[in-house]
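So you can see what is in the structure, the chains are spelled out below.
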Amino acid sequence: MRAFADLIERLVYTPQRNAKLRLIADYLAHTPNPDRGYALAALTGDLRFTHAKPAMVRELVAQRVTPELFALSYDYVGDLAETVSLIWPEKELDGGGPPGLAEVVETLTQAPRGAVPGLIEAWLDRLDANQRFALLKLITGGLRVGVSARLAKTAVARLGDRDPAEIEEVWHGLEPPYRGLFAWIDGQAGPPAVAETQRFRPMMLAHPLDDPAADGLDPGAFRAEWKWDGIRVQLAAGADGGDGGHLYSRTGDDISGAFPDVMAAAAFDAVLDGELLVVRDGVVAPFNDLQQRLNRKRVMPAMLTRHPAWLRLYDMLFDGAEDLRGLPFDARRQRLEDWHARVRPSRMDLSPQLDFADWDTLAALRAGARADQVEGLMLKRRDSAYVAGRPKGLWFKWKRGPLLIDAVLLYAQRGHGKRSSYYSDFTFGAWRDAAADAPALVPVGKAYFGFTDEELRQLDRWVRANTVDRFGPVRAVRPDLVLEVAFDSVHRSTRHKSGVAMRFPRIHRIRWDKPAAEADRLATLEAMIVESAKGPAATEP
Amino acid sequence: MPETPITDWLEVRPQGLFVRPGGFFIDPVTAVDRAVVTHGHADHARPGHAHVLATPETLAIMRHRFAGDPAGAQALAYGQRLRVGDATVWLAPAGHVLGSAQVVVEHAGGRAVVSGDYKRRADPTCVPFEPVTAELFVTEATFALPVFRHPPVAGEIARLLRSLSLFAERAHVIGVYALGKCQRLIAELRRAGYDRPIFLHGALEGLCRLYEAHGVVLGPLQPVTAVERRALAGQIVLAPPSALADRWSRRLPDPLTAAASGWMRVRQRARQRGVELPLVISDHADWDELLATLDAVAAPEVWVTHGREEALIFAAQARGIRARALSLVGREEAEDGG
Ligand SMILES: [Zn+2]
Ligand SMILES: [Zn+2]
């Protein structure tokens, strides 16, 4: 438990991805089975303890600590698990020493509900403060250490000098504590065997592209499709999978639970690649609508009705047990179309292929797609096999140009890690048309990338020289500097004072030359809002 | 039992605690005629007093900080008694920083102890705290919440050394207060067998030299400016907390920011300061130690100052002690970074 607690402690405070990777890999290298397997499962979110609840922890501490002192402490610390871990009275150790991670996980998984409080209490008496914190966070299901499942698996890959895609290939058929996986990583066994229908196949990804003509691409060698603005998914549905199949995100996270409507339609035996969308009456809804369906463990019936999910298919990886990934794209597409015509699954359609003879035609189509539901175009070589990862020269994403506004810098906040000495998070505003003759700036967004290192230095210097007020790590600045902000789209938002929310805002250019009074108005931004009804229809984009 | 209640001769004035029979203040916040100073931290030792009574070490620290001031200084070694007016004064070790003392005042058969800041843990750089029984005890309350229980220092040092071996290409820059924490951290590193040079921000050099002149062995120290940027990879660099978030830290190769303070126990506080490696090392008593001290001093009346009074007063009253908050201006929270 000590090593796991130390890892959690370090991860909580470590912002850089590479440093996190090193901490995890170092832990996995120095921790024996089965502890490291359970730690990995904790990081990938594959451990669940249904009987341990925060309320139970609160009751336990109430028996040990005076309520007045607990209240003062909780008020100061602000987090229940942390307060309990720090305030828990430390008795003389009973000689048993701290329990191992595996002991905790295995005992808790098998224990009946009534036995859980006693178990937790006894463990808390055997652990130090950091370990108590790790225990409480682990069992109440909120590690929150800023590590994605993908990152944890990448650390495993690093440990065995393997490609992360190899881990992904086998991951979804594995169970904690992953003894087979580690035996393979340690070089003591071959890769673990996994049932074909239960696993995630690493996806094929595209390279960004600015101008296909300039890059000398031959239009005759490519197919073009819309790049839909949902989330890329893989549907692995298997007749002999036994559990109705799985829906995976691009990173291999199983999101089936949030989309029972799509899963109910997956009564066939195939592995498909497509875009997950919310579609109402054949019209794709804005990304925000889909966002409400994501990150939910349970979906209420009303949500299923109001935000119906839909799968727009791009590609076919398996038809039954037949692996199509080695076939050229055109051949796979033909198989997909034939299959779709034959099976006619509900809640799924094919992403149409676009007609074009030359890049100019396609550029015109792309320019016309100013709608919210399309991010741009996908170009795929007609002869491309389905290759995991981001192979060169096969697939390209040709995003539509970003939207731009000129905004005024209002606040700057210090960054983290490497950037902790720089003001690198910028809040900017647009002019609101006031009824009276006093126009005011209203914050419309926040950006913390898009600039070069040199521009960051310039911005940092400017912020320090133009500060008018400070609130902790935040500085308010003289509203004098205009930033050209690029963003993908803008939506209505009731959570923001401005009434709008931008998607992926980034600093495009610093307009040292432009007077703040000439920056854009909020009305300009509002005019860019795309309502869901105006999007391209499903069948004729 | 005292002939006159202590509350009749120990007064709370805007400048600080005033001992009427001796005509002097203890740790006054503004310049006064006569002051007794517990220790050299800025919230206790102020410049400009006409006469100052303190330990020789504290006087040396004040002279270092205030360029020669105080002029009228009188040194009083630990345990040495001195008659001041109608009162007797002596100083007992407080275990907080070099030279730190509790001020013991006796008058009319009663005894008050003003502890200043103190801790109960072993510290290789100063004399350990000695409890003195009293009728009235004035205690600090910097970490007076039951969530503050400082872990063993050796464990924190071990975490630092582990990080240094895992991130061997990064300079580990640690925010430390210039007086006390800096030298204690160095001494603890030496005790753990770390014998490489430790690099110092310019603001820390003077007090390290002063500690060494008082017999505290700190091993090889080097100014950061003495070496090339690259040479700092994998080294320990100490700097005042204010320098961490500032442009100064840019001269270090891929710095990993740490801080050594009792506040690091609470995640929210550590995060606010952008710390990647929080080390819970404090020069103040933690909750258990505050309560143990109340028991050892056995004073029927306790005044609480310097931090989170509420919880400590509650716990003291539960022990049958008369306890109240002593609001001293300019003493809301420890200025020494905990
Ligand atoms: Zn102090
Ligand atoms: Zn103090």
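Computed from a prediction, not measured in an experiment: that's the story for all the values here.

Reading guide: rules and limits
- Residues numbered from 1 in each chain as written.
- Chains lettered and ligands numbered in written order.
- Predicted model: local features only at pLDDT ≥ 70, side-chain atom pairs only at ≥ 80, totals over all residues.
- Heavy atoms only, no water.
- Donors = N, O, S within 2.8 Å, 3.2 Å for Na, K, Ca; no water.
- Helix = DSSP H or I, 4+ residues; strand = E, 2+ residues; numbered from the N terminus.
- Buried < 20%, exposed > 50% of the residue type's maximum accessible area, 1.4 Å probe, protein only.
- Phe/Tyr/Trp six-rings, centres within 6.5 Å; stacked < 30°, edge-to-face > 60°.
- Lys NZ or Arg CZ within 6 Å of the ring centre and 35° of its normal.
- Polar contact = N/O pair within 3.5 Å; in protein donor to acceptor, adjacent residues only side chain to side chain.
- Contact = heavy atoms within 4.5 Å.
- Domains from an automatic or database assignment.
- Buried area = accessible area lost by both parts, 1.4 Å probe.
- Salt bridge = Lys/Arg side-chain N within 4 Å of Asp/Glu carboxyl O.

> Report on the coordination of the zinc ion (ligand 2), specifying residues and quantitative values.
All names here are of chain B. In the first shell of the zinc ion (ligand 2), the protein supplies D43 (OD), H44 (NE2), D117 (OD) and H306 (NE2), at 2.1 to 2.5 Å from the metal. All donors of the zinc ion (ligand 2) come from a single chain, and their spacing in sequence reads D-H-x72-D-x188-H. Between the zinc ion (ligand 2) and the zinc ion (ligand 1), both coordinated by D117, there is a metal-metal distance of 3.5 Å. Of the two residues, D117 sits in the loop between β10 (110–114) and β11 (136–141) while H306 sits in strand β18 (residues 301–307), which places them 189 residues apart along the sequence. Accessibility classification places D117 together with H306 in one group, the buried group.

> Please set out the packing of aromatic side chains residue by residue, giving values where relevant.
For the coordinates displayed, the defined rule picks out 17 aromatic pairs over all chains. Arranged with centres 4.8 Å apart and planes meeting at 80°, the rings of F268 of chain A and W339 of chain A form a pair that is edge-to-face. Taken together, the positions of F268 of chain A in the loop between α13 (260–264) and β5 (270–280) and W339 of chain A in helix α16 (residues 329–343) put the pair 71 residues apart, joining distant regions of the chain. Pair check on accessibility: F268 of chain A and W339 of chain A agree, each one buried. Ring geometry for Y118 of chain B against F129 of chain B: centres 4.9 Å apart, planes inclined by 35°, an arrangement best described as tilted. Taken together, the positions of Y118 of chain B in the loop between β10 and β11 and F129 of chain B in the loop between β10 and β11 put the pair eleven residues apart, joining distant regions of the chain. Neither Y118 of chain B nor F129 of chain B differs from the other in exposure class; each is buried. In this structure, R201 of chain A is placed above the aromatic ring of F318 of chain A, and the distance from its NZ or CZ to the ring centre is 4.4 Å. Across from the ring centre of F133 of chain A, 3.5 Å away, lies the NZ or CZ of R267 of chain B, which sits over that ring.

> Before we move on, could you go through the side chain of D286 of chain B and cite the residues and values that matter?
All names here are of chain B. Looking at the element boundaries, D286 is found in the loop between β17 (277–279) and α7 (287–297). Since its relative accessible area comes to 1%, D286 is described here as buried. Of the polar contacts made by the side chain of D286, one reaches the side chain of R121; its length is 2.9 Å. A polar side-chain atom of D286 sits 2.9 Å from the main-chain amide nitrogen of E289. Leaving out residues up to four positions away in the same chain, D286 has contacts with R121, F143, F148, R149 and H150.

> Could you give me a rundown of the side chain of R184 of chain B, with the residues and numbers involved?
With respect to the helices, strands and loops of the structure, R184 of chain B is situated in helix α3 (residues 181–191). Those residues in contact with R184 of chain B that lie beyond four places of it in its chain are K119, R121, A122, D123, T125, V153, I281, S282 and D283 of chain B.

> Let's hear about the domain arrangement of chain B: which residues, and what values?
Residue and element names in this part refer to chain B. When cut into domains, chain B gives domain 1 (6–147 + 284–325) and domain 2 (153–279). Here domain 1 and domain 2 have C-alpha centroids that lie 29 Å from each other. The partner domain 2 presents 17 residues to the 19 residues of domain 1 that form the contact. For the pair domain 1 and domain 2, the summed buried area comes to about 1,600 Å², and 74% of that belongs to carbon and sulfur atoms. Where domain 1 meets domain 2, there are one salt bridge.

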